[in-house]
Amino acid sequence: MNKERIYLFDTTLRDGQQTPGVDFSVEDKIAIAAMLDEFGLDYIEGGYPGANPTDTKFFEKKAIRRASFVAFGMTKRAGISVSNDPGMALLLQAKSDAICYVAKSWDYHVKVALGCTNEENLESIEESVKAATGAGKEALVDCEHFFDGYKANPDYALACVKTAYEAGARWVVLCDTNGGTQPSEVRDIVAAVIAAGVPGDHLGIHAHNDTGQAVANSLAAIEAGVRQVQGTLNGIGERCGNANLVTIIPTLVLKPAFNTRFETGLDADKLQGLTQLAHSFDELLNRSPDHQAPYVGASAFATKAGIHASALLKDPRTYEHVPPETVGNLRKVMVSDQGGKSNFINALKRRGIVVSKDDPKLDHLISIVKEREATGYAYEGADASFEMLARRTLGSVPDFFRVDGFRVMVERRFDANGNLKTVSEAVVKVEIDGEMTMSVAESVHGPVNALDIALRKDLGKYQAEIGDLVLVDFKVRILNGSTAAITRVLIESTDGTGSRWWTVGVSDNIIDASFQALMDSIIYKLMKNRDQAGQIAAE
Ligand SMILES: [Zn+2]
């Protein structure tokens with residue numbers, strides 16, 4: 001039997017941007033888009049070109065290779081023509097494959113928010129869709145407040161959907177913008193839309209999580225006939241979030257209720273990267289992953305020792321709804337951890353490091369990683385540090401240079417003009433081929449910056465090689481309260497080739513934690529220059 005295709009649409013970079021405390025830079029957007037593209041999403045919505053400088057810049061160049069790159073914007077304003085609408089011009093010019101228009105479909109909003117007639121709104125939808133297809137782009141229409149609009153005035157809500165479809169929209173997306181609709185209502189209303197003549201393979205669902213049912217509503221819509229599902233990574237989004245794609249995707253791929261009828265564009269083995277995708281995204285947001293997240297949480301397949309653990313070891317299916325390795329997660333039992341080992345071997349293989357299952361050095365590496373993760377290291381968000389640790393433990397990392405010691409001073413004083421100043425000074429002693437050099441640097445941007453400048457000031461014969469090394473991000477997380485807390489520092493680096501890598505340091509001293517992460521970054525860069533490092537990051 002031919003399976004029907006479900007299209008996966010990610011709006012992390014657009015609707016996810018509405019999350020309190022989340023503000024993506026252009027660099028962040030490029031990195032996230034590459035992660036999503038690599039994973040196998042069909043559509044990646046990047047933002048709202050013209051609405052803010054970040055999104056405008058992000059759409060100057062197509063950031064992805066495989067997926068359809070989607071720009072978001074309003075339908076044409078009522079009362080003016082498409083060619084006279086400046087917002088429309090920006091949308092049509094953006095380097096996107098598709099345009100997703102947000103359109104009002106609740107007559108109350110048409111009157112109150114747009115201040116135009118119902119007819120004018122339908123006209124805007126029609127002309128906007130035609131402008132996109134006329135420019136050679138795929139058109140999508142997000143019908144905002146669709147379910148509430150349908151309950152208030154079904155004829156008008158349906159007229160909006162039909163107008164978009166008949167004008168040539170590839171997808172008309174039914175949005176539960178307020179997030180209060182229940183799965184049974186979603187099912188009935190989707191059925192009514194299809195009965196009104198808009199086929200399900202042109203319909204999408206966009207659900208919000210205000211009653212904790214965004215995923216359930218999305219799946220209900222699919223069962224009722226829609227064939228595109230929208231959501232975000234880890235369910236980020238305003239208020240209670242959007243539908244969580246990290247939950248929806250494995251459900252579609254692994255659960256017989258769906259996978260016997262439907263297929264997605266994801267390769268089967270891609271799903272094994274799901275846990276890493278979810279955790280890397282949290283690291284990028286500088287927040288702790290949710291341990292109890294379905295499928296990908298650290299506790300998702302954890303069983304406490306005892307009667308369950310021994311039964312679990314005899315037959316994992318007795319206590320697991322899916323095998324954890326299908327989503328790249330780990331089974332956690334308080335006895336010998338076989339699942340962990342193959343996971344490690346795979347993680348190493350991805351970095352070009354081959355190690356046999358029986359190699360005692362592998363057990364040693366696993367115990368070091370576990371020990372370090374228990375003290376706060378997060379290797380999921382720091383591929384380069386993980387690789388350095390693995391190579392040090394399993395083989396060898398060349399001794400490029402040795403830091404003999406460093407000293408950092410912070411001085412807060414009044415300058416000659418009576419202004420309060422805080423200046424940091426760092427001294428680093430480095431040994432290269434038996435020769436000692438000492439570098440001193442000063443910074444008004446804090447002790448870590450001073451240390452970074454001093455460390456990279458004179459690396460002797462390696463100096464020219466690290467000339468294009470740039471630290472693009474520096475994240476600090478306090479792992480437990482009080483001033484005596486453990487600090488974790490994550491550094492993101494890049495170089496002239498456009499590669500990026502992440503390194504980590506942990507210490508009860510923030511300078512020391514930063515130093516560890518800086519050192520790993522420099523050594524990784526030197527190894528990378530010699531083709532001795534694996535390809536680890538989005539390039
Ligand atoms: Zn939304």
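First, a word on what this report is: a plain description of the structure on this page.

## Comments concerning the pairing of strand S18 (residues 500-507)
- Extensive coverage of S18 is indicated by the burial of 8 of its 8 residues.
- Residues Arg-500, Trp-502, Val-504 and Val-506 point to one face of S18 and Trp-501, Thr-503, Gly-505 and Ser-507 to the other, with burial holding for every one of them.
- Judged from the 8 bridges that link them, strand S17 (residues 487-494) and S18 form a sheet pairing that is antiparallel. Looking at the pairing, Thr-487 lines up with Ser-507 of S18.
- Between the antiparallel neighbours S17 and S18 lie 5 residues, among them Gly-498 with a positive phi of about 90 degrees.

## A few points about the sheet that holds S18
- Pairing is antiparallel across the open sheet formed by 3 strands, whose spatial order is S16-S17-S18. Of all the strands in the sheet, the pair left with one neighbour each is strand S16 (470-478) and S18. Adjacent strand axes in the sheet meet at a mean angle of 20 degrees, parallel and antiparallel pairs treated alike.
- Against the sheet, helix H18 (residues 510-529) touches S16, S17 and S18, its axis set at about 150 degrees to S18.

## Topic: the sheet that holds strand S15 (residues 435-443)
- Ordered by their spatial adjacency, 3 strands build an open sheet running S13-S14-S15, and the pairing between neighbours is antiparallel. With partners counted over all chains shown, the strands left at the sheet margins are strand S13 (402-414) and S15, one partner each. Recorded for the sheet is a direction-independent mean angle of 10 degrees between the axes of neighbouring strands.
- Across 12 bridges, the pairing between S13 and strand S14 (residues 420-432) is antiparallel. Across the sheet, residue Arg-407 finds its bridge partner in S14, namely Val-427.
- In the packing of helix H17 (residues 447-455) onto the sheet, contacts are made with S13, S14 and S15, and the angle to S15 comes to roughly 145 degrees.

## Side note on the pairing of strand S4 (residues 68-74)
- Most of S4 sits out of view: 6 of its 7 residues are buried.
- In this view, the connection linking strand S3 (residues 43-47) to its parallel neighbour S4 by way of helix H2 (residues 53-58) has right-handed handedness.
- Pairing of S4 with strand S5 (residues 98-104), which is carried by 5 bridges, proceeds in the parallel orientation. Across the sheet, the residue bridging to Val-70 is Ala-98, located in S5.
- Tracing the backbone out of S4, into helix H3 (residues 86-93) and back to the parallel element S5 gives a crossover that is right-handed.

What counts, and at which threshold
Residues numbered from 1 in each chain as written. Predicted model: local features only at pLDDT ≥ 70, side-chain atom pairs only at ≥ 80, totals over all residues. Heavy atoms only, no water. Buried < 20%, exposed > 50% of the residue type's maximum accessible area, 1.4 Å probe, protein only. Helix = DSSP H or I, 4+ residues; strand = E, 2+ residues; numbered from the N terminus. Pairing = 2+ DSSP bridges. Axes fitted to C-alpha atoms, helices over the stretch in contact; angles between N-to-C directions. Contact = heavy atoms within 4.5 Å. Right-handed = clockwise from strand over helix to strand, strands pointing away.

All we've got here are geometric facts, nothing functional implied.
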